[in-house]
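# Breakdown of the fold
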Amino acid sequence: MMRLSTLLWALLVGVSGYVMFQVKYEVVQLEDQLTHLNHRIDTGREQIRVLDAEWSFLNQPARLEQLAKRFLDLQPISAEQIGHLSQLPRRSPTPPAAAAAAAPPSAPSQPTAAPRLATARAGVVR
Amino acid sequence: MKPAVPPRDDNPCRPRHFKPEPCAPAPLEGPAKQSLETSHTRLLITGALLCLAFLVISARLIEVAGFKAGEAHIARVAPAERPDLARANIVDRNGVLLATTLEAPSLYADPKLIHNPERVAQQLASLLPDASESEIAAKLASNKGFVWIKRQLTPSQEFEVNRLGVPGLEFRTEGRRVYPKGNLTVHAVGYDDLDGKGLAGIERGFNDILRGRHEPVELSLDVRLQYILHHQIAQTIADFNAIGGMGIIMDVNTGEVLAMVSLPDFDPNAPGSATPQELFNRVTLGTYEMGSTFKIFNTALALETHTSTLSSSYDATKPLHIGRFTIHDDEPKNRWLTVPEIFEYSSNIGSARMAVAVGTDRQKEFLGRLGLLKAPSFELREIGAPMVPSPWGEINTMTIAFGHGISVSPLQMATAVSAVVNGGVLHRATLIKRPAGYAPSGQQVLSLKTSEEMRALLRLVVEHGTGKFADAPGYLVGGKTGTAEKVSAGRYERHGLLSSFVGVFPINEPRYLVMISIDEPHGNKQSHGFATGGWTAAPAVARVVERMAPLMGIQPVDEDSPEIRRSLVVDSQGPQGRKFAAD
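Residues numbered from 1 in each chain as written. Chains lettered and ligands numbered in written order. Predicted model: local features only at pLDDT ≥ 70, side-chain atom pairs only at ≥ 80, totals over all residues.

Moving on, we come to the overall build of chain B. Summing up its helical and strand segments, chain B has 18 helices and 20 strands in all. Per-residue burial for chain B yields a buried fraction of 44% across its 583 residues. Pairs at least 24 apart in sequence give 69% of the contacts found in chain B among residues at least 6 apart. (Helix = DSSP H or I, 4+ residues; strand = E, 2+ residues; numbered from the N terminus. Buried ≥ 20, exposed ≤ 12 C-beta atoms within 10 Å, placed from the backbone. Contact = placed C-beta atoms within 7 Å.)

All right, on to unusual backbone geometry then. All names here are of chain B. The peptide bond linking Ser390 to Pro391 adopts the cis configuration, its omega dihedral lying at 0 degrees. Position of Pro391 relative to the elements: it lies in the loop between α13 (360–369) and α14 (394–401). Looking along the chain, the bond that leaves Phe505 and enters Pro506 is cis, with omega of -20 degrees. One non-glycine residue, His306, lies in positive phi territory at about 60 degrees. Taking the C-beta count within 10 Å as the criterion, His306 has 10 such neighbours and is therefore assigned exposed.

Contacts between the two partners involve 20 residues from chain A and, on the opposite side, 24 residues from chain B. Counting residues per element, the ones that place at least two in the side of chain A that touches chain B are α1 (2–58) and α2 (61–71) of chain A. In terms of residue count, α1(A) provides more of the side of chain A that touches chain B than any other element does, eleven residues in total. A per-class count over the side of chain A that touches chain B returns twelve nonpolar, four polar and four charged. (Nonpolar A, V, L, I, M, F, W, Y, C, P; charged D, E, K, R; others polar.)

So, on to the confidence of the model for chain B. Residue and element names in this part refer to chain B. Averaged over every residue, the pLDDT of chain B is 85; residues scoring 70 or more account for 89%. Low pLDDT (under 50) marks residues 572–583, which in the prediction has 27 contacts with non-local residues, meaning those over four places away or in another chain. This prediction of the complex comes with two scores: 0.78 for pTM and 0.74 for ipTM. (pLDDT = per-residue confidence, 0-100.)

Let's shift gears to the packing of helix α10 (residues 295–304) of chain B against helix α16 (residues 448–464) of chain B. Residue and element names in this part refer to chain B. One can describe the packing of α10 onto α16 by two numbers: an axis separation of 10 Å at closest approach and a directional angle of 140 degrees. Accordingly, the angle class assigned to the pair α10 and α16 is oblique. Here α10 runs over α16; the crossing is right-handed. Across from Ile296, Thr299, Ala300, Leu303 and Glu304 in α10, the residues of α16 making contact are Thr450, Glu453, Met454 and Leu457. Across the contact of α10 with α16, the residue classes break down as five nonpolar, two polar and two charged. (Axes fitted to C-alpha atoms, helices over the stretch in contact; angles between N-to-C directions. Parallel < 35°, antiparallel > 145°, perpendicular 65-115°, else oblique. Left-handed = near helix turned anticlockwise from the far one by under 90°.)

This part takes up the domain arrangement of chain B. All names here are of chain B. Entries for chain B in the domain assignment read domain 1 (82–111 + 142–217) and domain 2 (227–581). Taken together, the contacts link 17 residues of domain 1 with 18 residues of domain 2. For the side of domain 1 that touches domain 2, the elements supplying multiple residues, two or more each, are α5 (186–189) and α6 (201–205). When the residues that make up the side of domain 1 that touches domain 2 are grouped by side-chain class, the tally is ten nonpolar, five polar and two charged. (Domains from an automatic or database assignment.)

Residue and element names in this part refer to chain B. Core analysis: the largest hydrophobic core is formed by 126 residues, its most contacted members being Ile248, Ile249, Val477, Leu513, Val541 and Val545. At nine residues, the largest contribution of residues to this core is made by helix α17 (residues 537–551). A domain split of this core shows at least three residues from each of domain 1 (82–111 + 142–217) and domain 2 (227–581). In contact with Ile249, not counting residues within four places along its chain, are Leu225, Leu229, Leu258, Ala259, Tyr512, Leu513 and Val514. (Core = buried A, V, L, I, M, F, W, Y, C linked by C-beta atoms within 7 Å.)

This paragraph deals with the environment of Val15(A). Considering the arrangement of structural elements, one finds Val15(A) in helix α1. Separated by 41 residues in sequence, Val15(A) and Ser56(A) have C-alpha atoms that sit 60 Å apart.

Have a look at this one:
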């Protein structure tokens, strides 16, 4: 009886000691990992800041303008290039071929309102 | 199991080999009894203490296991910023980065650990190009425990210094302020010193807010517009061989400053080499006699007080003599002019007569209401207070009518003109972005009717008057030219001009104000030798409008359409029976 309980306690002490150290080492390892990850997060954040700054630096309007001049065949948009949908001629209800056949060639076909265009929201057309 | 206890022994815990001698219990007497009692007491106290200790341990166990389980040591993500580096970014209204803080290593030394200062100084001086050897040697030979050798090194310099392997040289990571857009936004954003303290611009005005804040500060600036304005002003300065220039783009309905340029400027990443002229913010700190652009206020005042109507006319047949002064027109018409004509041809004589009809007190009160007589409240600390005549006599009233004898900053000018055209509501100018859908509270400083009349008059100037070159077809620019002679050594310089144009578009429903002033332009071949606002600043404003209008989503309109015509009619009969519809 005596021996058995002593043995049991000794065993329990041994097991709990083992488990405790096991957990402790695991925690130490996890903490190392955490420190490492936090460090990487810090580094990553700093890299993002550097890249943000570089992005902004490379996107200086003066530089973009020069690059656009060199590589693109584009120019600043002028007011004449911008129009309203309502300024477009109205679409003929019949296809051009049919209209040409129906109307005598001397009389130009009168454009009439095409429902789709008439209800279309005014937008910017280049 | 067979009981191993001898029948005489009543103690079950006694070891089997222990056989006590049978004896009769001795009666305890005297010292023996006393010592037994003492040990009893001691035993009792020890036991109680042990019990207490176990109780405490159990209580703690219950607490940890039962109640504190949720608060266990949980892994935490690193804090967002290192607190010593934290300074908020500055971005424009579209989130484009204007100022940020990057880590930079700074080199310091503990001179007590350095045994051979001369040699170390020589090595360091060869690695750090802008440091002098003697200076470093002096620092290293001092008795202090800490001296800065060089702040904010590049990564390669850091590597080289580390490779020297000199004990006593150490690095500390510091925050270095970086301005990726360089010169472009320098006078608005400002710059920092090495310790992260703002020395100018928003960096200075918002120093405490930026410190220790994580979210970026959003300015009202738009980098695209800033570039357009900067580019056009720089080009105009070059074209007319001027000494400087400034400009501002403002949202007339909120008071937000969308662009603000003062030239010459400097690179905020290297502010040490900037000259005082470059550091000077002409838009907010400089105050100038604005010249004829002030006729906007003079005319609005006369219309508002009903001392003039659009059909009133004034004698501009000959120069006006008052005391030892003579007021004359640049392009004299030598006849009676109506109010729209005075504005259109920018007649000083007519304007002065209009102001006299209004009177000094009402003029003073009106300019005060427009915020032109005291320093404005603004986010920057570089704010110039206007120079106002004192005493304010009739002669001052007359000269102020055409913008001489009073100096205001371009910022004040833009704020006040915005109020004149936007329906008469004065909004405080701001460099901070207003949230979407924000309805700014303003102060009604003049009537809607006067504001509408002023819009028509401003359009008249661009269609037929002195500001023809400001016309950007399709975008309905309205505006006013101004050419002021600069005061130098107490007298007006005939050739030191400040040529300005303040434009508003689309003038039938004003949204943006563009103002450009060129400092001391010289006429060139294209301008036939003219250096006035109409020849220098006005074309620059037109180019700015043409570039910015598509970006801001403003649809070009047909300027000859009846609705537009009707909205900009100036209802007046000129002396020749001409109708001042703006055509």
